[in-house]
Amino acid sequence: MLTQLCLAVALLALHMESWLTVVPDLINNLTTPPEQAAIKLPCLLELLTVLPEEVENFKVGIMPRRRQQFREMLKAAGQQVLQLLLQVCEQCRAQDAIMKRQLRCLSSWLRNAWLPSDQLAASPIMALAFASISSPELFECATDVLVDAVHFSHDHGPPPPRPRGRSTVRPLSPPSALLLTAGLGRRGRGAHPAHRGH
C-alpha cells in the first residue's frame, strides 16, 4: 500500500511542471516536526526511492522536456539526499526495516539519478554499506548498493584518491566476495532489478 501511494505522488510530481522543488519539499515536510520524523521516515524513504525510478520509466507519459527537467531537479537535490541517507544510516543502524529502505533508496539514486561523486567518495555511507553485508537481513540490499556503486563510478569517473590512513572498510569474507562478484556479473549482462509494478 505504501509503495502504491508513493508511486501516485511520484506520478503527480512528474506531471506537475510547476513543482520545481519536489525533493526539498518532501524532505522538509516529512522531517518536521522532529518528534514525528521517525514515524514519517518509511514514507520519505519510499518516496525518494521511487522518484528516480519513475523518471526513467518511459511508460509514464510525460514530455521529454519535463523528463529532462525532472532529472536536473534530482541532480540538484543529490547532495541533500546523500546527507539524509547518511543521517538515517548513522541513527537507525539497529533497525533492519529502516536500513533496508535506506539501502534501497541509495541504490535507486546510484542507478537512476545522480549523487555528487566527490562527496559520495568522501562520505562514510559506502563503508556503512560494506558493513551491512555482514547482516543476513541486509545482505541483498547492501550488495545491490555496492554493485550499483561500481557502475556509478564507471559512468561518472573515478572517485578522488582515498585519504591515507587506516581504512574503515572491512575486507569482504570469501562468500561475500563471491556473491558480490556474481552480482556484478548479472548486472554486466544487463539484468537489472525488476521495475516496481504499477
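Described below are features of the structure shown in this document. (Residues numbered from 1 in each chain as written. Predicted model: local features only at pLDDT ≥ 70, side-chain atom pairs only at ≥ 80, totals over all residues. Heavy atoms only, no water.)

1. Here we look at helix α1 (residues 2–15)
Selection rule: Here a helix means four or more residues in a row that DSSP labels H or I, a strand means two or more in a row labelled E, and each is numbered from the N terminus. Between the first and last residue of a helix there are one fewer steps than residues, each counted as 1.5 Å, and that sum is the expected span. Buried means the residue's accessible area, taken with a 1.4 Å probe over protein chains only, is under 20% of the maximum for its type, while exposed means over 50%, and partly exposed covers the values in between. The arc in question is the one traced by the directions running from the helix axis out to the C-beta atoms.
For α1, with 14 residues, the first-to-last C-alpha span of 20 Å sits near the 20 Å given by 1.5 Å per residue. Taken together, the buried positions of α1 are occupied by Cys6, Leu7, Ala10, Ala13 and Leu14. Projected down its long axis, α1 shows its buried positions confined to an angular sector of 120 degrees, all on one face.

2. Some thoughts on the nonpolar core
Spelled out, the test is: Joining through side-chain atoms within 4.5 Å is the link that ties buried Ala, Val, Leu, Ile, Met, Phe, Trp, Tyr and Cys residues into a set, and such a set is a nonpolar core. We call two residues in contact when some of their heavy atoms are within 4.5 Å.
Counting 56 residues, the largest nonpolar core has Val23, Phe70 and Trp109 as the members making the most contacts within it. Elements supplying a minimum of two residues to this core: α1, α2 (22–30), α3 (34–55), α4 (64–76), α5 (78–91), α6 (96–112), α8 (125–132) and α9 (139–156). Tallying contributions element by element places α3 first for this core, with eight residues. Discounting chain neighbours no more than four positions away, the residues touching Phe70 are Ala13, Leu14, Val22, Leu51 and Val55.

3. As for the state of the cysteines
Operational definition: Two cysteine sulfur atoms make up a disulfide if the distance between them is within 2.5 Å.
For the structure shown, the criterion picks out zero disulfides. We note that Cys92 lacks a disulfide partner, and the nearest cysteine sulfur, in Cys89, lies 8.8 Å from it. Note on Cys92: relative accessible area 10%, which makes it buried.

4. Side note on the pattern of salt bridges
The condition that has to hold: Put simply, a salt bridge is a Lys or Arg side-chain nitrogen that is within 4 Å of an Asp or Glu carboxyl oxygen.
In total, this model carries six salt bridges according to the counting rule given. Its salt-bridge partner being Arg71, residue Glu56 comes within 2.8 Å of it at the nearest N-O pair. With a gap of 15 residues between them, Glu56 in the loop between α3 and α4 and Arg71 in helix α4 connect regions that are remote in the sequence. The exposure class assigned to Glu56 is partly exposed, which follows from its relative accessible area of 26%. Take Arg71: its relative accessible area is 27%, and that puts it in the partly exposed class.

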